[in-house]
Every structure is written in C-alpha cells, then in structure tokens.
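Reading the structure
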Amino acid sequence: MSINTTNQFRTGGKSEGDRHFRVVSLENKNVSLGGVSISSVASPSDAARKLLKSIAHEKGLEKMKKLNMGKVKFSIQEYTQGSKKKTYGPYVGHYRKYSAEEMKKATTAKGKVKFTMKPVVKLNKSNKVITKKVNKPNNNKSNNNKVNNNKVNNNKSNNNKSNTNKSNNNKSNNNKSNNNSNTNNLKKMKMKKKNNNNLNNTLKKLKNKK
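Residues numbered from 1 in each chain as written. Predicted model: local features only at pLDDT ≥ 70, side-chain atom pairs only at ≥ 80, totals over all residues. Heavy atoms only, no water.

Here we look at the pairing of strand E6 (residues 87-97)
Where we set the bar: Whether two strands pair depends on DSSP finding at least two bridges between them. Numbered from the N terminus, helices here are DSSP runs of H or I no shorter than four residues, and strands are runs of E no shorter than two.
Two strands pair when backbone bridges link them, and strand E5 (residues 72-78) and E6 are joined in this way by five bridges, in the antiparallel orientation. The residue of E6 that forms the bridge with Lys73 is Val92. Across seven bridges, E6 lies against strand E7 (residues 117-123) in antiparallel orientation. Bridging from a neighbouring strand, Lys97 pairs with Met117 of E7.

See below:
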C-alpha cells in the first residue's frame, strides 16, 4: 500500500500553502473586494489577474460585457495568515478578446470554446521611482574650477617666492654696500692717523734742531 506524504493538506478545498489576496484600492479609492487564492510559487500579478473578475462583478459586468469595462487601476493586499500583509501595485488591468488563433487553441475536442477573453494586468509604470542622472558637464565645471584655483594658488605662491627672493637680494646688496662703505671709512681713518703721526714727527724734529 502506497502512502501519500505531501506537505500540503486540503482544508475546505484550499491548500494550506496557498496565499490569499483581495482588492484594497480601486481608482484611488479604498475598497475591500474579492478574495482569491494562489499557490506559494505563483506571483502577486497572478492574483491581480484573478481579482480583475471581482472588479468586473462589482461594476455589474459579466461574461462578454467585461470587455466594455475598459482599463481600471487597482492595488491588492495579501492577507495570508502569518504574512506581512503587504500591498502590491498599483496595477492597470482590462479584458482582451481572444484572437482567432487563440480561440482555436481554447476550443475543446468537442468543438466547445472554453475561454473567449483574457485578463491583461500590468504594473502602472508611472508609479515607478525615476532616478535622476547626474549631468557630466557639472562635474567638468567643478574640475575646471579646481584646476583654475590650483593655477591661481600656484601663481600666488610663485609671486610670493619671487617677491621674497627680490627682497632678500635687495637686503644682501644693501648689506654689501654698507660693508663696503664701512671699510672705506676705516681706511680713511687710518690715513688720517698716519698723517697726524707724520706731522707730529716733523714737529719734534724741528724742536730738537732749535
């Protein structure tokens, strides 16, 4: 005897691993519509396609009249026990009639058509976050400004260096000239002393002769 050891147990026709969703917003108005189940491997967009039928029923549209519903904007929320009760959307959905080729595929072996239309649901692109790109010219401007500032700073430093060098050169030249003048004065003083000594000697000689 074979024993079925699956992880999912049926309770009231629903699987224990299913996820449950309802419509919580319709055309920017808070609502509470429908209630569908999807498997744990399905996505919230699958639940949104199922819930489009609940929206059509709320508007009083059934069977082929659902094609007249047009596009509707709505959001759904998961209410599975133990889930984070996260909201998904907004979605934009409508019903589309099958093409001739799709009708052939949907026809059963007995010639009966099982499905005649298809729910089309997509995420609303206008609600996506738009990231702004940084313009490259602004970066170039900032880089140019940096280069110009560096040039100005370099010029200033070079000018300061040349000015300090000039002042230092002037100081050294002045010091040299001052030193030269001092040596000349000393020489003159020595010459005067010599002349005075010579005069004194001549005077002494004259005195001795007398």
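Things to note about the side chain of Thr80
This is how it is decided: By the criterion applied in these results, polar contacts are pairs of N or O atoms within 3.5 Å in which, for protein atoms, one can donate a hydrogen and the other can accept it, and in which residues neighboring in sequence qualify only through two side-chain atoms. Contact definition: two residues touch when any of their heavy atoms are within 4.5 Å.
Its place among the elements puts Thr80 in the loop between E5 and E6. Separated by 2.7 Å, the side chain of Thr80 and the backbone nitrogen of His20 make a polar contact. Discounting residues that sit within four places of it in the chain, Thr80 has contacts with Asp18, Arg19, His20 and Lys85.

Quick word on the sheet that holds E7
What counts, and what does not: In this description, a line fitted to the C-alpha atoms serves as the axis of each element, helices being fitted only across the stretch in contact, and the angle between N-to-C directions of two axes falls anywhere from 0 to 180 degrees.
Strand order in the open sheet made by the five strands is E4-E3-E5-E6-E7, with antiparallel pairing throughout. A single partner strand is all that each edge strand has here, and the edge strands are strand E4 (29-38) and E7. Put simply, the sheet's adjacent strands are angled 35° from each other on average, direction ignored. Contacts from helix H1 (residues 44-58) reach strand E3 (19-26), E4, E5, E6 and E7, with the element oriented near 120° to E4.

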